[in-house]
Amino acid sequence: MAGIEVLVVGSGGREHALALGLSKSDSVSKVHCSPGNAGTSMVAENHQVSDSDIEGIVDLAIQLSVSLVVVGPEAPLVHGLSDRLRANSIPSFGPHSEGALLEGSKIHAKMLMQSLGVPTGSFHRVENLDEIEGSLDSFEPPWVIKRDVLAGGKGVTVTTSREDAREALKYGIEEDGFVLIEEHLSGEEASILVIMDESGYVMLPPSQDHKRVGNNDTGPNTGGMGAYSPAPIVTPSVLARAREEIIEPMHHYLRNSSTPYRGCLYVGLMIDSQGSPSVVEFNVRLGDPEAQVTIPLIKSDLGELLLSAAEGRVSETQVEFKKLHASTVVLASEGYPGAVVTGREIYGWNTEIDEGLVRGFVHLAGASMDERGKLTSNGGRVLSATGLAPSLNESLEASYQIIGGITLDGSHYREDIGFRALSG
Ligand code: AMP
Ligand code: GLY
């Protein structure tokens, strides 16, 4: 059977992982990416349409006659890219705009969880400056303040300082008209990426990100500095509870929505010391860098899995996973997650480890390549070094061996990815 052509939308490390996985799928004959990055250009044909140009992406998909569009980031989904693709009879992996509200509006997600009885922290919507003190009194510190906007993880303040919490509430009210204050959940975070449609769902192996910029979870929040999978904190009993208390009710609700949800539901969990999971957040896409550690663990044909979800027949697809561990360590530009210095040359990125079951390779993200193969940084998270091995230790060794051989002036990476799993 001739393979299909697929268009991947986005430009990060997640999209490199998607394009790489699709390029190795027997069901796929060609991968396109828009706008893509230096990594996707090695396994796909890049096109210069921005992922924020919804009509431009629809036109590109029509012009290329692709059989599937895989949408990486959330913003185009919130802005209706999948709605527009489906209106043109093009299967899209990624929910319609109504489903994408789960990430686009935190208050919508919270209210839905409340109505379905899905475990999550309590919350309160604050609209007036004179409600600030009362709302701070009614929640225990640390206070969690969230703006109800797409902010790439940066709209969240978690603080024990009443002054900082007050400022965050005031800022949110002034900027957006209202802001959320939430109960602080304690425990350990983990993510489950669930590929779903109205026919069923497939859970990818649980993973754990590292959101803070510095070792030992210090410094500001980032998009994610590294990840590994499977995450042992998600024991079989935690997984069973997450499935029964969170994933099943969400799937039941989403499959019966006016337009069924077809794509990935990213379930961000907090697992307390008793092993009870509750939801910190939903995202409507694969995580970055969680995609870089979960996609390489899929043994089955990735193109067939994503197409089946886009067509509403994921329950017909048998998905197998490799019995391996994956890790990825992110290399970030000087200044990240603040204002970054870019345009610097990256050396030593093009090495791989290929020793039977132990593999190591690079996923590129904020990096561009010129005609002569010279690679330059052009974003905050520049690349990540991914390891795949029979044990987490060996996979981390592969990741660190690769990243240790890479030079980019002013760059930084965390040296403790996986520490929770290793110390546990
Ligand atoms: P979010 O954008 O909602 O994922 O929040 C970003 C990060 O802030 C999460 O990954 C958590 O580390 C932290 N966070 C958010 N909400 C809470 C909460 N209710 N309790 C504790 N930590 C939280
Ligand atoms: N790594 C967290 C996210 O993709 O939202």
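Cut-offs and rules
Residues numbered from 1 in each chain as written. Chains lettered and ligands numbered in written order. Predicted model: local features only at pLDDT ≥ 70, side-chain atom pairs only at ≥ 80, totals over all residues. Heavy atoms only, no water. Helix = DSSP H or I, 4+ residues; strand = E, 2+ residues; numbered from the N terminus. Rg over C-alpha atoms; globule rule 2.2 N^0.38 Å. Buried < 20%, exposed > 50% of the residue type's maximum accessible area, 1.4 Å probe, protein only. Contact = heavy atoms within 4.5 Å. Core = buried A, V, L, I, M, F, W, Y, C linked by side-chain atoms within 4.5 Å. Pairing = 2+ DSSP bridges. Phe/Tyr/Trp six-rings, centres within 6.5 Å; stacked < 30°, edge-to-face > 60°. Lys NZ or Arg CZ within 6 Å of the ring centre and 35° of its normal. Expected span 1.5 Å × (residues − 1). Near = heavy atom within 4 Å. Polar contact = N/O pair within 3.5 Å; in protein donor to acceptor, adjacent residues only side chain to side chain. Areas by Shrake-Rupley, 256 points an atom, 1.4 Å probe, with all protein chains shown as cover. Nonpolar A, V, L, I, M, F, W, Y, C, P; charged D, E, K, R; others polar. Disulfide = S-S within 2.5 Å. Salt bridge = Lys/Arg side-chain N within 4 Å of Asp/Glu carboxyl O.

Side note on the overall build of the protein chain
- For the protein chain, the count of helices and strands is 13 helices and 23 strands.
- A globule of 424 residues ought to have a C-alpha radius of gyration of about 22 Å, and the protein chain, at 21 Å, matches this closely.
- C-alpha atoms of the protein chain, sized along the principal axes, occupy 60 × 50 × 40 Å.
- In the protein chain, which comprises 424 residues, the proportion classed as buried is 55%.
- At a minimum sequence separation of 6, the contacts of the protein chain that also span at least 24 residues come to 69%.

Digging into the nonpolar core
- Grouped together as the largest cluster of nonpolar side chains are 43 residues, with contacts concentrated most on Val-69, Leu-102, Leu-265 and Phe-282.
- The residues touching Phe-282, leaving out its near neighbours within four places in the chain, are Leu-102, Glu-103, Ala-109, Met-113, Ile-246, Met-250, Leu-265, Tyr-266 and Val-267.
- Counting 32 residues, the second largest nonpolar core, distinct from the first, contains Val-8, Leu-68, Cys-264 and Ala-309.

Side note on the pairing of strand β10 (residues 188-197)
- The element β10 is extensively covered by neighbouring structure, given that nine of its ten residues are classed as buried.
- Here β10 runs beside strand β16 (residues 263-271); their pairing, made up of nine bridges, is antiparallel. In the sheet register, Glu-188 faces β16, and the bridge partner there is Ile-271.
- Bridging between β10 and strand β11 (residues 200-203) involves four bridges; their strand directions are antiparallel. Within β11, the residue paired with Ile-195 across the bridge is Val-202.
- Hairpin geometry of β10 and β11 is characterised by an intervening segment of two residues between the two adjacent antiparallel strands.

Thoughts on helix α6 (residues 106-116)
- Those residues of α6 that sit buried are Ile-107, Ala-109, Lys-110, Leu-112 and Met-113.
- Those residues of α6 hidden inside the fold are in contact with α5 (97-104), β6 (123-126), β9 (179-182), α9 (236-255) and β17 (277-283).
- Following α6 by one or two positions, Gly-117 has its phi on the positive side, about 75°.

Here we look at the packing of aromatic side chains
- A full pass over the atoms with the stated rule returns one aromatic pair.
- When the ring centre of Phe-178 is taken as origin, the NZ or CZ atom of Arg-125, which lies over that ring, is 3.9 Å away.
- In this structure, Arg-285 packs its charged tip against the face of Tyr-266, placed 5.9 Å from the ring centre.

Side note on the side chain of Asn-283
- By secondary structure assignment, the location of Asn-283 is in strand β17.
- Contact partners of Asn-283, with chain neighbours within four places excluded, come to Glu-103, Tyr-261, Cys-264, Leu-265 and Tyr-266.

Section: helix α8 (residues 162-176)
- Here α8 spans 21 Å end to end across 15 residues, near enough to the 21 Å set by a 1.5 Å rise per residue.
- Close packing links the buried residues of α8 with β6, α7 (132-138), β7 (143-146), β8 (156-159) and β9.
- Once α8 finishes, Gly-177 follows within two positions and takes phi at roughly 90°, a positive value.

So, the site of ligand 2
- Taken together, the residues surrounding ligand 2 are Asp-209, Gly-223, Tyr-266, Asn-283, Arg-285, Gly-287, Asp-288, Pro-289 and Glu-290.
- At 3.1 Å, a backbone N or O of Gly-223 approaches a nitrogen atom of ligand 2.
- Protein chains bury 89% of the 200 Å² of accessible surface belonging to ligand 2 in isolation.
- Here the shell around ligand 2 is built from residues that sort into two nonpolar, three polar and four charged.

A closer look at the site of ligand 1
- Neighbouring residues of ligand 1: 14 residues in total, closest Lys-146, Glu-183, Leu-185, Glu-189 and Glu-281.
- Measuring from an oxygen atom of ligand 1, one finds a side-chain N or O atom of Lys-211 at 3.2 Å.
- Against a free-state accessible area of 470 Å², the protein chains account for coverage of 92% of ligand 1.
- Put simply, the parts of the chain that give the shell around ligand 1 at least two residues each are β7 and β17.
- By residue class, the composition of the shell around ligand 1 is five nonpolar, two polar and seven charged.

Here we look at the state of the cysteines
- Summed over all chains, the structure comprises zero disulfides.
- The thiol sulfur of Cys-33 is not disulfide-bonded, and the nearest other cysteine sulfur, from Cys-264, lies at 17 Å.
- Classification of Cys-264 as buried rests on a relative accessible area of 1%.

A closer look at the pattern of salt bridges
- Applying the stated rule across the entire model yields 26 salt bridges.
- Two residues, Lys-146 and Glu-182, come together in a salt bridge whose shortest N-O distance is 3.2 Å. Of this pair, Lys-146 sits in strand β7 while Glu-182 sits in strand β9; the two residues are 36 residues apart in sequence, bridging distant segments of the chain.
- Between Glu-345 and Lys-374 there is a salt bridge, and its shortest N-O distance comes to 4.0 Å. Taken as a pair, Glu-345 in the loop between β18 (325-332) and β19 (353-355) and Lys-374 in the loop between β21 (367-369) and β22 (375-377) lie far apart in primary sequence, 29 residues in all.
- When salt bridges that share partners are traced, they join Glu-133, Asp-137, Arg-162, Glu-163 and Arg-166 into one network.

Considerations on the environment of Gly-287
- On the secondary structure map, Gly-287 appears in the loop between β17 and α10 (290-294).
- For the pair Gly-287 and Ala-227, spaced 60 residues apart in sequence, the C-alpha separation works out to 10 Å.

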